[in-house]
Amino acid sequence: MEDIAAIMEVTRDPMFVTARHTIQHLWRIGLGGAEQKRMLLDVVAHRFETCEGEKNYTLIRYDLLVGLRKLYDSYPDEEIRKLAAELIELEADPKYKKKYAAEWRK
């Protein structure tokens, strides 16, 4: 729990592949329990909201939403689904909004 700030810093690594691999595995933190899930949802939402303007930000957002879907599949909780829907609605580009939403229709 006390390492979450360091983990989130790696999601901004200059080597995009390192950052992306970290983002793709963030969801596993939420499997640790209710407190870890709550903390994860908070940091994922913040990362999603603040990544616009970064290089490859659409991939970052996609990976965050895929991670939320994996967490939801492992630990069905309406709070996760609700957060994903809210984050998808933040996307201004209809093309990407559709792509993100497709992950949640599966």
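See the structure shown above.
Residues numbered from 1 in each chain as written. Predicted model: local features only at pLDDT ≥ 70, side-chain atom pairs only at ≥ 80, totals over all residues. Heavy atoms only, no water.

With that settled, consider helix 3 (residues 34–50). Helix length check: helix 3, at 17 residues, gives a terminal C-alpha distance of 24 Å against a target of 24 Å (1.5 Å per residue), a fit within 8%. Among the residues making up helix 3, those that are buried are K37, M39, L40, L41, V43, V44, A45, R47 and F48. On its buried face, helix 3 is in contact with helix 1 (4–10), helix 2 (16–25), helix 4 (57–74), helix 5 (78–90) and helix 6 (94–105). (Helix = DSSP H or I, 4+ residues; strand = E, 2+ residues; numbered from the N terminus. Expected span 1.5 Å × (residues − 1). Buried < 20%, exposed > 50% of the residue type's maximum accessible area, 1.4 Å probe, protein only. Contact = heavy atoms within 4.5 Å.)

A separate point is the pattern of salt bridges. On inspection of all chains with the given rule, the structure shows 13 salt bridges. Two residues, D42 and R38, come together in a salt bridge whose shortest N-O distance is 2.7 Å. Placement of the pair is D42 and R38 together in helix 3, with a separation of 4 residues, close to one helical turn. A relative accessible area of 42% means that D42 is categorised as partly exposed. Since its relative accessible area comes to 35%, R38 is described here as partly exposed. For the salt bridge of E78 with R81, the shortest nitrogen-to-oxygen distance reads 3.8 Å. (Salt bridge = Lys/Arg side-chain N within 4 Å of Asp/Glu carboxyl O.)

An α-helix turns once per 3.6 residues; consequently, residues spaced three or four apart project the same way. Turning to helix 2, its buried residues number three or more, namely A19, T22 and I23. Take helix 2 and look down its axis: the buried residues cluster within an arc of 100 degrees, on one side only. (Arc of directions from axis to C-beta.)

Next up on the list: unusual backbone geometry. Of note, N56 is a non-glycine position whose phi angle comes to about 65 degrees, a positive value. Within the secondary structure, N56 is located in the loop between helix 3 and helix 4. You can call N56 partly exposed: its relative accessible area is 30%.

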